[in-house]
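Chain by chain, the residues run as shown.
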Amino acid sequence: MELYFLGTSSGAPTTHRNVSCVALRLHTRIWLFDCGEATQSQILRTPLRQGKIEKIFITHLHGDHIFGLPGMLCTISNARHGGVDEELDIAKEPVRIYGPPGIQDFVVTALKVSQTKLIMPVEIYEYSLNTPASTRDMGKLVPITRNGKIKVGKIYPSNGHPGISRGANGMLSWQGSDPPSWSVVSGDQDMVVTAGALRHRVACFGYVVQENDQPGRLDPDACVALGLPPGPLYKDLKNGIPVKTPSGTVVTPEEVVGAPRPGRKVVVLGDTCDSRAIAPLARNADVLVHECTFSDEMKEKALIAGHSTASMAGEFGRNINAGQIILTHFSARYKIRRGVGSTKNGKEEEDDDVHAIPMLIKQARHAYQGRNVVAAHDFFHWKIPRKEVNTIHSRFDSGADAA
């Protein structure tokens, strides 16, 4: 599991940063979170294969998060047709897009006006603010093109929340203390994705990606010690089936297979000035991707614009007990390092610390009360290792060791 940052600027691209997109690589699959303009170009500079993109999660409908989506669909289509991914027979597999109300209109209109023809089906799911009129509406997809390649559907609040509304500016609000959530992906082979509401100037969402617990690791040395040589019976043990050694001794999975390994949790938030509603879902995240548009000195402006400061990101990470915070979505005023990109009278001048990324990291770490805070830049990637649990109890364990 690996995160790739394809765009880390807020609002508009700069000479050093493109606009928002984060890619999550899951072995052979790729999921995108937001798709700002030129994402299709950015991905060419990474080891990610475009044809492997199968899901795109949109946080909100501001242009710096969605203007690259029509072009990216074309890129995926081209990669799946006659490209390096043709042998994988994935042209028939749909690309699934998830997002706020309005994402269907945006995608369908862009493809229709440009007369774009895609090789693969596209399924577009909008988050409904209402409960379904009938259980038959749950998960229902409706074809909206003559060839049936584009289908649309709705995802309803998973906790049956009845009181969600949008203000004149589109910002979500709800009644009661129980925040709404949407079960976005639940039938995946090893992942569950849930969306939660964020406070921004328009309807905005964050995503919690929870990996299912993984089987424990088999200890081949323990197998050999019990008289079981390497072979196909090892697979049975990993699947929880006792086996017999050549001498007839029974070996149980508990003797040679470790405890199940806890699944990893990744939280990717959209633009936000208040993330508390998603906190119960995000708790104990291994990695939190949080916007950091402004420094602490600009908190008043951040709140008016619906964005976060460095300390707001760090405080939320501390509140949910995140193992790692990755900051992104920086205002253009903050330079990658001191002295980069700032000129005066034709000469480069040094920025003070307030206008440099290291200061944002420092502020976030102070609020987080830890050092596990980094600032992403374009093409930055972060590996999320599996959690290991060593709890194999062999029949050769000595009782004296436990004393």
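Above this note sits the structure.
Now for a look at the structure at hand. (Residues numbered from 1 in each chain as written. Predicted model: local features only at pLDDT ≥ 70, side-chain atom pairs only at ≥ 80, totals over all residues. Heavy atoms only, no water.)

### Regarding empty space enclosed by the protein
Phase 1 of the analysis: Scanning the model with the defined rule gives 1 cavity of 30 Å³ or more in all.
Phase 2 of the analysis: What the largest cavity holds in volume is close to 130 Å³.
Phase 3 of the analysis: Elements that contribute at least two residues to the lining of the largest cavity include exactly β2 (21-26), β16 (265-269) and β17 (287-291).
Phase 4 of the analysis: Each residue belonging to the lining of the largest cavity can be placed in one class, and the counts come to 6 nonpolar, 7 polar and 3 charged. (1 Å grid on protein atoms, 1.4 Å probe; cavity = no way out; pocket = protein on both sides within 12 Å on 5 of 7 lines; lining within 4 Å. Points joined across faces, edges and corners; volume = space filled by probe spheres on them. Helix = DSSP H or I, 4+ residues; strand = E, 2+ residues; numbered from the N terminus. Nonpolar A, V, L, I, M, F, W, Y, C, P; charged D, E, K, R; others polar.)

### Remarks on the sheet that holds strand β7 (residues 141-143)
Sheets are built from strands paired through backbone hydrogen bonds, the pairs being either parallel or antiparallel.
Phase 1 of the analysis: Read across the sheet, 9 strands follow the order β7-β8-β6-β5-β4-β3-β2-β1-β22 without closing on themselves; strand pairing throughout is mixed. Taken across any chain shown, the strands that pair with only one partner, and hence form the sheet edges, are β7 and β22 (381-383). In this sheet, neighbouring strand axes are inclined to one another by 20 degrees on average, regardless of whether the strands run parallel or antiparallel.
Phase 2 of the analysis: In terms of strand pairing, strand β5 (residues 95-99) meets strand β6 (residues 122-127) through 5 bridges, oriented parallel. Each residue of the ladder has a partner; that of Val95, found in β6, is Val122. (Pairing = 2+ DSSP bridges. Axes fitted to C-alpha atoms, helices over the stretch in contact; angles between N-to-C directions.)

### Quick notes on unusual backbone geometry
Phase 1 of the analysis: The backbone phi angle of Asn321 is positive, close to 60 degrees, even though this residue is not glycine.
Phase 2 of the analysis: Its place among the elements puts Asn321 in the loop between α10 (310-319) and β18 (325-328).
Phase 3 of the analysis: One non-glycine residue, Gln369, adopts positive backbone phi at about 60 degrees.
Phase 4 of the analysis: Within the secondary structure, Gln369 is located in the loop between α11 (357-368) and β21 (373-375).
Phase 5 of the analysis: Given a relative accessible area of 63%, Gln369 falls into the exposed group. (Buried < 20%, exposed > 50% of the residue type's maximum accessible area, 1.4 Å probe, protein only.)

### A short note on the environment of Leu3
Phase 1 of the analysis: Mapping Leu3 onto the fold places it in strand β1 (residues 2-7).
Phase 2 of the analysis: Sequence separation between Leu3 and Ile384 is 381 residues; the distance between their C-alpha atoms is 7.9 Å.
Phase 3 of the analysis: Contact partners of Leu3, with chain neighbours within four places excluded, come to Val22, Ala23, Leu24, Val266, Val287, Val289, Ile326, Phe380, His381, Trp382 and Ile384. (Contact = heavy atoms within 4.5 Å.)

### Points about the pattern of salt bridges
Phase 1 of the analysis: Scanning the model with the defined rule gives 8 salt bridges in all.
Phase 2 of the analysis: One salt bridge connects Glu211 with Arg264, and the closest N-O pair in it is separated by 2.9 Å. Of this pair, Glu211 sits in strand β13 (residues 204-211) while Arg264 sits in the loop between α7 (253-256) and β16, and the two are 53 residues apart along the sequence.
Phase 3 of the analysis: Classification of Arg264 as buried rests on a relative accessible area of 5%. (Salt bridge = Lys/Arg side-chain N within 4 Å of Asp/Glu carboxyl O.)

Keep in mind that these numbers describe shape and distance, not what the molecule does.
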